[in-house]
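Spelled out from the first residue to the last, the chains are:
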Amino acid sequence: MTSRTRACVAAGTSVATALILTACNSASPGTGGAATNAAAVRGGTLNMLGTGDVDYMDPNVSYYSGGYLGLRMWSRSLFTNPAVSGQETTAVPDLATEIPKQGSGLSADGKTYTITLRPGVMWNTSPPRAVTAADVVRGVKRTCNPAQPFGGLPDYIDLIDGMKAFCDGFAKVKPLAAPIANYINSTDLPGVKANGDQTVVFTLTHPASFFVDMLTMSAFSPAPKEWDAYVPASAELAQHTLSDGPYQVDSYTPTKSITFSRNPAWKADTDPIRKAYVDKIVIDETSTQDSIQQQLQTGTAAADMEWDTFPPPSQLPALIAAKDPKLNLGPSASTNPYIVFNTASPNNGGALKDAAVRQALSHALNRTNMIQVLGGPAINAPLTHVLPPNIVGGETSFDLYPYDLNKAKSMLASAGHPSLTLKFLYRNKSEGQSKVYQTVQQDLSKAGINVVGVPSPNADFYTKYLQVPSVAQRGVWDVALSGWGADWYGDAALSFFNPLFSGKPSFPPVGSNFGLYDSPAANSVINQAVQAPTRDEARALWAKADQQVMQDAAFFPITNPKTANYHAEQVHGAVYIPTFQNFDPTNIWLSADKQGG
């Protein structure tokens, strides 16, 4: 997930990933404070402190864990992952009434899904209006709008019947509100149809056992007709959101703050996922990692949870050793962070276009040193290829680029680039990102490579740098620290390869192939894996794709980490949701004597 999602942010900031494993038992010392024998308390203000913003205040476009976390409060999806210990990675109905299965919502050939929406779910319009199947169709259509398409589009553009043709036509539309709305409302999408107000029908080009898991992505959330007046993902839309969740957006000042209050149109009996214990949620996006950690540990009523940040990596060893019950370590199925090579950079005579140069750099990068500054190996398991071991196809580990400084120097000389100057893009408000940059700078200097920092605010990192191909093509950056996790759980290798490594169809802004990597060999095997008729055949092909991407040195993986989150003592019901890389705010309650303000 970009992102969550989701392109993710490196450890120590926030992560746009969707992970696969169940989080650690939150009742255990040192792994969180979710378990409590106290009765839930309603009321109060949940104060969340952070260092960055959502990517977009638009459920059909957001592709970042911070965006997904915000959407949990005000936008509902067809299916989701519940804040129930042991079920955090299970797809369960949200707006849908049940999981389709053969004989009940799923056709015999496995290609048609008929989904019934819950009655009584309302938009907070004036007066409130029911959420309909037409809203779901509108939402899916919006994902490939020409102004800012959804970054995970490669996951399903060839899977949903007619989606590719629909999106190809949409790309020719002017990125203005009126032409976009006209195309959405006048152009048919064969694979997504409303059958009355309460039923939506998805038709696929081939069976996909993971489709319900895919539908947990917010891209498939409904969009009200009022949004036709705004360009998707625009600043104007962000000020005119409509909610079908338990909270509504009262105010949003980008990079500064978000305030949520109860949505009067929401009915608890229509929402099996969100308890909505607190009355208000206030997000301050202007703090620092160190300050946030200090405030959470002091137990003040004005600091309850993190937002778009994590505990500073340098403090994790002490927190773990102390078995602090307010710390949660959630296992992941991600490659986060990783170093992406800009294969389109014109710098150094276009050196990064050459796989031999990228291979040499991979031998010069010291993974062990990077893992150490990210909090150490207890939190950061080394990852040396694309797929984490708990994703189908990633079970067999291999390392084509063990650290070898002499080999790196020799390869660079043979490639005609004995010295390079590389521009390193990173988020400077993240302790982890800053330290990885410094470590890479020091390590590569030993190979005759000069590394120059390109610091970025969290809010700009994707939207102004990585998601804009022309920025890469101009050579604004040569290497960048990003991260990734599965877009859904289970059989999710597709959600690594299609968005990141499938050539031009995965170039941003449609995909998250930030380095503009395009390999005919990799594209061929990825396509074969997508079309594989059985899981076993797909498993072998995904493993082959992993080998090819690494042979091309498209990126340098570092770790499949555990995700650290911390909350204040007054927070209860804190269940870690891997999709958000955080606890679920809609199911947290506060001690009666510390209700915020």
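You'll find the structure just up there.
In this convention, every chain numbers its residues from 1, walking through the sequence in written order. In keeping with the model being predicted, local features are shown solely for residues with a pLDDT of at least 70 and side-chain atom pairs are shown and tallied solely at 80 or more, while totals for entire chains, interfaces and linings include all residues. Computation of side-chain values covers all heavy atoms of the structure but excludes hydrogens and water.

1. A few points about the overall build of the protein chain
A count of helices and strands for the protein chain gives 18 helices and 27 strands. Atoms considered for the radius of gyration are the C-alpha atoms alone. The globule rule reads 2.2 Å times the number of residues to the power 0.38. For 597 residues, the compact-globule estimate of 2.2 N^0.38 gives 25 Å, and the C-alpha radius of gyration of the protein chain, at 23 Å, lies within 12% of that figure. With the C-alpha coordinates of the protein chain rotated into their principal frame, the extents come out at 70 × 55 × 45 Å. For every residue, the accessible area obtained with a 1.4 Å probe (protein chains only) is divided by the maximum for its type, and the residue is called buried under 20%, exposed over 50%, and partly exposed between those limits. Counting the 597 residues in the protein chain, one finds 64% classified as buried. Accessible surface is estimated by sampling points in the Shrake-Rupley manner with a 1.4 Å probe; for residues, cover comes only from the protein chains shown. For the protein chain, the exposed area adds up to about 19500 Å²; of that, 53% sits on carbon and sulfur atoms. Both charge centroids of the protein chain, one from 43 positive and one from 48 negative side chains, sit 2 Å from each other. Only runs of H or I of at least four residues qualify as helices and only runs of E of at least two qualify as strands under DSSP, and these elements are numbered from the N terminus. In summary, the charge assignment counts Lys and Arg as positive and Asp and Glu as negative, without counting His or the chain termini. To locate a charge, take NZ of a lysine, CZ of an arginine, CG of an aspartate or CD of a glutamate.

2. Re the sheet that holds strand β16 (residues 334-341)
Two pairing modes exist for strands in a sheet, parallel and antiparallel, and in both the strands are linked by backbone hydrogen bonds. In short, DSSP must find at least two bridges between two strands for them to pair. Pairing in this open sheet of 5 strands is mixed, and the strands run β19-β18-β20-β16-β21 from one edge to the other. Looking at strand neighbours, the two that pair on one side only are β19 (449-456) and β21 (555-557), the edges of this open sheet. Neighbour-to-neighbour, the strand axes of this sheet turn through a mean angle of 35°, independent of strand direction. The strands that helix α16 (residues 494-501) touches are β16, β20 (479-485) and β21; relative to β20, the one it contacts most, it runs at about 150°. Axes, fitted as lines to C-alpha atoms, cover a helix only where it is in contact. Angles between the N-to-C directions of the axes lie from 0 to 180 degrees. Every residue pair with non-hydrogen atoms within 4.5 Å of one another is taken to be in contact.

3. Here we look at the state of the cysteines
Criterion for a disulfide: a pair of cysteine sulfur atoms within 2.5 Å. Per the stated rule, a full pass over the model turns up 1 disulfide. Sulfur-sulfur distance for the disulfide between Cys 144 and Cys 167 comes to 2.4 Å. The sign of the -90° torsion about the S-S bond sets the Cys 144-Cys 167 disulfide as left-handed. Of the two residues, Cys 144 is situated in the loop between α2 (133-142) and α3 (163-170) and Cys 167 in helix α3; the sequence distance between them amounts to 23 residues. According to the relative accessible area criterion, Cys 144 is buried, its value standing at 5%.

4. A word on the side chain of Thr 270
Positionally, Thr 270 belongs in the loop between β12 (257-262) and β13 (280-284). At 2.8 Å, the side chain of Thr 270 and the backbone oxygen of Lys 267 are in polar contact. Think of a polar contact as two N or O atoms within 3.5 Å of one another; within protein, one of them needs to be a possible hydrogen donor and the other a possible acceptor, and neighboring residues in sequence only count if both atoms come from side chains.

5. Notes on the sheet that holds strand β14 (residues 305-307)
With mixed pairing, the 5 strands of this open sheet are ordered in space as β11-β12-β13-β1-β14. Two strands lie at the open edges of the sheet, namely β11 (247-253) and β14, each paired on one side alone. When strand polarity is set aside, the average angle formed by the axes of neighbouring strands in this sheet is 20°. Note that strand β1 (residues 45-50) and β14 share 3 bridges and pair parallel. Of the residues in β14, the one forming a bridge with Met 48 is Met 305.

6. What to know about the environment of Asp 155
Along the chain, Asp 155 falls in the loop between α2 and α3. Along the primary structure Asp 155 and Ala 493 are separated by 338 residues, whereas in three dimensions their C-alpha atoms are 10 Å apart. With sequence-adjacent residues up to four places away left out, Asp 155 is seen in contact with Tyr 63, Met 214, Met 217, Asp 487, Trp 488, Leu 494, Ser 495, Asn 498 and Pro 499.

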